[in-house]
Amino acid sequence: MLKRFSYIVIGLLVASCGASTDKRAELSDLKKQREELNEKIAILEAEMKKEAGPAIEHATTVTVEQFKGDMFKHYIEVQGLVESDNNILIPVQSPGVVRDIYVEEGDVVKKGQVLAQIDPDLIKRGIEELSASLDLAKTVCERQDRLWEQKIGSEVQYLQARTQKISLEKKMLSLVKQLEMTKIIAPIDGTVDKIILKKGEMAGAGMGAIRVVNISDLKITAALSEAYVNDVNKGDVVSIKIPSLGTKSSEKIISVAKVIDPKNRTFGFEVKAPVVKNLKPNMLTVLSVNDYTKEKAIVVPMNILQNTGKEYFVFKAVNKDGKWYAEKTFVKPGKYYNNMIELVEGVNEGDYLVTFGFQQISNGSLLKISK
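A word on the overall build of the chain
Phase 1: Along the chain, the regular secondary structure elements total three helices and 22 strands.
Phase 2: For 371 residues, the compact-globule estimate of 2.2 N^0.38 gives 21 Å, and the C-alpha radius of gyration of the chain, at 49 Å, exceeds that figure by more than 25%.
Phase 3: For the chain, restricting intrachain contacts to residue pairs at least 6 apart in sequence, the fraction spanning at least 24 positions comes to 73%.
Phase 4: When the accessible area of the chain is evaluated, it comes to approximately 25,000 Å², of which 53% is carbon and sulfur surface.
Phase 5: The positive charge centre, built from 53 side chains, and the negative charge centre, built from 49, are 2 Å apart in the chain.

The following block contains the structure:
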């Protein structure tokens, strides 16, 4: 029984070795066939290439420009407002009915000129009544003075007479002041811009009556983020556009605020207003403030700058053996203004960049330069 089992095992081992040998032989035969096929393929490809002749390169027509270092200025644009320190809305100081208005809108007035009159009759009657009492008090006081000098009468009578006189004099001064306050007087030289009062109407104390403006010394005020606090200084030149007048000019900054507004984190500055016709207080302006200047900068049109999502690149035009080829070049952009952008890294002075047709090329493309 044991012998029979041994014979069976030996038989299986022999059969297994035989099968393994057949597979190795088959694999070796297939590899040999593959080598023969690769050799035939290479021969055929070489023959076909020889028959086809040399490959023809197709050039893409593009426009190129040589960029040199030029001065680059970056500007911040901010809205400004025309203002005047001499823009005054004169208030009514004494309530009453408006009796007279002596000026019209557009009239030129002088400082101290009476512009309108509030009815003063009530105050005048008070002054007349007080005048009689004051005259009597003065007479009594004078007589008490003489009696007191002669040691006649009591000190109390003397003091009472003086006190009464002084009290009435103060009341008279107060009424005279109130009478003066019924006049609306120009505090500055200027032009009557607006008359709010109407003759015959009741005017309350403190209400605006007449606006007088002196436009000979206007200024423009604006505010910038505190991020630019080191970029704006007194004396800097600012470009000014006034859209409503269609004018452009340049003026200097005359003052810069020393304090940051905690509400919006901005600081204010003032610019001298340009001398232009019809410039008026509260007009809107657009100020262009120069915050960055570089003497020699590589500045290119923004539209030629492309990106991969994370990196920016341009195409240089490089001459090799008399032919122009596209070279994809990664760059680091800087500040941009007015559709131009500074390239901080990647492009050097004198390089040629593709400015038109760059959408149809890739790295290594043959270029045909259009003049």
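Some thoughts on the sheet that holds strand 7 (residues 183-185)
Phase 1: Pairing is antiparallel across the open sheet formed by four strands, whose spatial order is 7-6-4-9. Pairing within the sheet leaves two strands with one partner each, and these edge strands are strand 7 and strand 9 (202-203).

Focus on the environment of asparagine 264
Phase 1: Looking at where asparagine 264 falls in the secondary structure, it is placed in the loop between strand 13 (247-256) and strand 14 (266-272).
Phase 2: Exposure remark for asparagine 264: the relative accessible area of 44% places this residue in the partly exposed category.
Phase 3: Only 2.7 Å separates the side chain of asparagine 264 from the side chain of threonine 266, close enough to count as a polar contact.

Thoughts on the confidence of the model for the chain
Phase 1: For the chain, per-residue confidence averages 85 on the pLDDT scale, and residues scoring 70 or more make up 90% of the total.
Phase 2: In the model, residues 1-17 has pLDDT below 50 throughout and makes zero contacts with residues more than four positions away in sequence or in other chains.

Remarks on the sheet that holds strand 10 (residues 208-213)
Phase 1: Overall, antiparallel pairing links the four strands, which are arranged 3-10-8-5 in an open sheet. Each edge of the sheet is formed by a strand with only one pairing partner; in this case those strands are strand 3 (87-91) and strand 5 (108-109).

Describing unusual backbone geometry
Excluding glycine, residues mostly carry a negative phi; peptide bonds, for their part, are mostly trans.
Phase 1: A positive phi angle, close to 55°, is found at arginine 265, a residue other than glycine.
Phase 2: Mapped onto the fold, arginine 265 is located in the loop between strand 13 and strand 14.
Phase 3: A relative accessible area of 39% means that arginine 265 is categorised as partly exposed.
Phase 4: The backbone of asparagine 339 sits at a positive phi, close to 65°, despite the residue not being glycine.
Phase 5: Among the secondary structure elements, asparagine 339 is positioned in the loop between strand 19 (323-337) and strand 20 (340-345).

What to know about the packing of aromatic side chains
Phase 1: Overall, the coordinates contain five aromatic pairs when judged by the stated rule.
Phase 2: Between phenylalanine 313 and phenylalanine 330 the ring centres are 6.1 Å apart and the planes differ by 65°, which places this aromatic pair in the edge-to-face class. Of this pair, phenylalanine 313 sits in strand 18 (residues 312-320) while phenylalanine 330 is found in strand 19, placing the two residues 17 residues apart along the sequence.
Phase 3: You can call phenylalanine 313 buried: its relative accessible area is 8%.
Phase 4: On the basis of relative accessibility, which here comes to 41%, the residue phenylalanine 330 falls in the partly exposed class.
Phase 5: Between tryptophan 324 and tyrosine 352, the aromatic rings sit 5.5 Å apart at their centres with planes inclined by 70°, giving edge-to-face as the arrangement. Within this pair, whereas tryptophan 324 is found in strand 19, its partner tyrosine 352 is found in strand 21 (residues 352-356), the two being separated by 28 residues in sequence.
Phase 6: One aromatic cluster is present, built from ring pairs that chain together Phe313, Phe315 and Phe330.
Phase 7: One residue, lysine 328, lies across the ring of phenylalanine 313, its end atom 4.4 Å from the ring centre.
Phase 8: Positioned over the ring face of tyrosine 292 is lysine 335, at 5.8 Å from the centre of the ring.

Some words on the side chain of histidine 74
Phase 1: Secondary-structure assignment places histidine 74 in strand 2 (residues 70-84).
Phase 2: On the basis of relative accessibility, which here comes to 13%, the residue histidine 74 falls in the buried class.
Phase 3: A polar contact is formed between the side chain of histidine 74 and the backbone oxygen of tyrosine 336, at a distance of 3.3 Å.
Phase 4: Setting aside residues no more than four positions away along its own chain, histidine 74 makes contact with Val289, Asn290, Asp291, Tyr292, Lys335, Tyr336 and Tyr337.

A short note on the pairing of strand 2
Phase 1: Here strand 2 pairs with strand 15 (residues 284-297) via 11 bridges, running antiparallel. Note on strand 15: the bridge partner recorded for valine 78 is leucine 287.
Phase 2: For strand 2 and strand 11 (residues 218-225), the ladder comprises four bridges, and the chain directions are antiparallel. Paired with leucine 81 across the two strands is threonine 221, which belongs to strand 11.

Some remarks on the nonpolar core
Phase 1: Ranked by internal contacts, the top residues of the largest apolar core, which has 21 residues, are Val300, Val354 and Ile361.
Phase 2: Within the residue set of this core, elements represented by two or more residues are strand 1 (60-66), strand 18, strand 19, strand 20 and strand 21.
Phase 3: Ranked by residues supplied to this core, first place goes to strand 18 with four residues.
Phase 4: Once residues lying within four places of it in the same chain are set aside, the contact partners of valine 300 are Phe67, Asn339, Met340, Ile341, Leu343 and Leu353.
Phase 5: Residues Ile76, Leu218, Ile242 and Val271 belong to the second largest nonpolar core, which totals 20 residues.

Cut-offs and rules
- Residues numbered from 1 in each chain as written.
- Predicted model: local features only at pLDDT ≥ 70, side-chain atom pairs only at ≥ 80, totals over all residues.
- Heavy atoms only, no water.
- Helix = DSSP H or I, 4+ residues; strand = E, 2+ residues; numbered from the N terminus.
- Rg over C-alpha atoms; globule rule 2.2 N^0.38 Å.
- Contact = heavy atoms within 4.5 Å.
- Areas by Shrake-Rupley, 256 points an atom, 1.4 Å probe, with all protein chains shown as cover.
- Lys, Arg positive; Asp, Glu negative; His and termini not counted.
- Charge placed at Lys NZ, Arg CZ, Asp CG, Glu CD.
- Pairing = 2+ DSSP bridges.
- Buried < 20%, exposed > 50% of the residue type's maximum accessible area, 1.4 Å probe, protein only.
- Polar contact = N/O pair within 3.5 Å; in protein donor to acceptor, adjacent residues only side chain to side chain.
- pLDDT = per-residue confidence, 0-100.
- Phe/Tyr/Trp six-rings, centres within 6.5 Å; stacked < 30°, edge-to-face > 60°.
- Lys NZ or Arg CZ within 6 Å of the ring centre and 35° of its normal.
- Core = buried A, V, L, I, M, F, W, Y, C linked by side-chain atoms within 4.5 Å.

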